[in-house]
Amino acid sequence: MAPFETLYGRRCRTPIGWFQIGEAELIGPDLVYQAMKRVKIIKERLKTAQSHQKSYLDVRHRDLEFKEDDWRIGQVEYKLELPPEVSLVHPVFHVSMLKKVVRDPLAILQVETIEFREKLSYEEVLVAILDRQVRRLRNKEIASVKVLWRNQQVEEATWEAEEEMKKKYLYLFE
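A short tour of the structure in this document, coming up. Since the structure is predicted, the reported quantities are computational estimates derived from the model, not experimental observations.

**Some words on the environment of Ala161**
Residue position: Ala161 is located in strand E6 (residues 158-161). Given the relative accessible area of 37%, Ala161 is considered partly exposed. Along the backbone, Ala161 and Ser144 are 17 residues apart, and their C-alpha atoms lie at a distance of 4.6 Å.

**Comments concerning the pattern of salt bridges**
This model, assessed by the stated rule, comprises three salt bridges. A salt bridge links Arg132 to Glu162; the shortest N-O distance between them is 2.8 Å. Here Arg132, found in strand E4 (residues 126-136), pairs with Glu162, found in helix H3 (residues 162-168); they are 30 residues apart in sequence, far enough to count as distant. For Glu162, a relative accessible area of 6% translates into the label buried. Its salt-bridge partner being Arg136, residue Glu141 comes within 3.0 Å of it at the nearest N-O pair.

**Details of the packing of aromatic side chains**
One pass over the full model with this rule turns up one aromatic pair. Note on Trp149 and Tyr169: the rings are 6.4 Å apart at their centroids and 70° apart in plane angle, and the pair reads as edge-to-face. Taken as a pair, Trp149 in strand E5 (residues 141-149) and Tyr169 in the segment after H3 lie far apart in primary sequence, 20 residues in all. Assessed through its relative accessible area of 11%, Trp149 is described here as buried.

**What about the pairing of E5?**
Looking down a regular strand, the side chains alternate between one sheet face and the other. The pairing of E4 with E5 spans nine bridges and is antiparallel. Following the sheet pairing, Arg132 is matched in E5 by Val145. In this antiparallel pair of consecutive strands, E4 and E5, the connection spans four residues. Where E5 lies against E6, four bridges are found, and the strand directions are antiparallel. Across the sheet, the residue bridging to Ser144 is Ala161, located in E6.

Procedures and definitions
Residues numbered from 1 in each chain as written. Predicted model: local features only at pLDDT ≥ 70, side-chain atom pairs only at ≥ 80, totals over all residues. Heavy atoms only, no water. Helix = DSSP H or I, 4+ residues; strand = E, 2+ residues; numbered from the N terminus. Buried < 20%, exposed > 50% of the residue type's maximum accessible area, 1.4 Å probe, protein only. Salt bridge = Lys/Arg side-chain N within 4 Å of Asp/Glu carboxyl O. Phe/Tyr/Trp six-rings, centres within 6.5 Å; stacked < 30°, edge-to-face > 60°. Pairing = 2+ DSSP bridges.

Below is the structure:
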């Protein structure tokens, strides 16, 4: 229900059709008294909703704490030591973007290096075309292909315009 409707007991109307025939007008102390009663009810219900949300957060929320050797800028910011390859990236991050990692020496992953250009961009390499679809608009058809890129999972494949992909990767369409 809209706040106006809750407060005044009716839907908000434009000034042109504000009052309907036979509608009783409240004036003076009655209007003020009813408005105060409704404001009190609204405040109680908001307080109830806020307490529900707070109790939900209190059960599931935990403060994120890191070790002392981490660079802490403030209550919620950390400065990370990044490798020289990504020196152009700003090293201060909000705590919500970080995850605490427990090191497991057996779980060392081989990271494939990605060559960055000057402006921190890189060229993605097309691996395979997974699907094709044609969307029909009123007076034309648009063909799209589902493309799997290098360094991506199948679930992360993107839909691209078929004409653009044919220009760049003609060998995949022959």
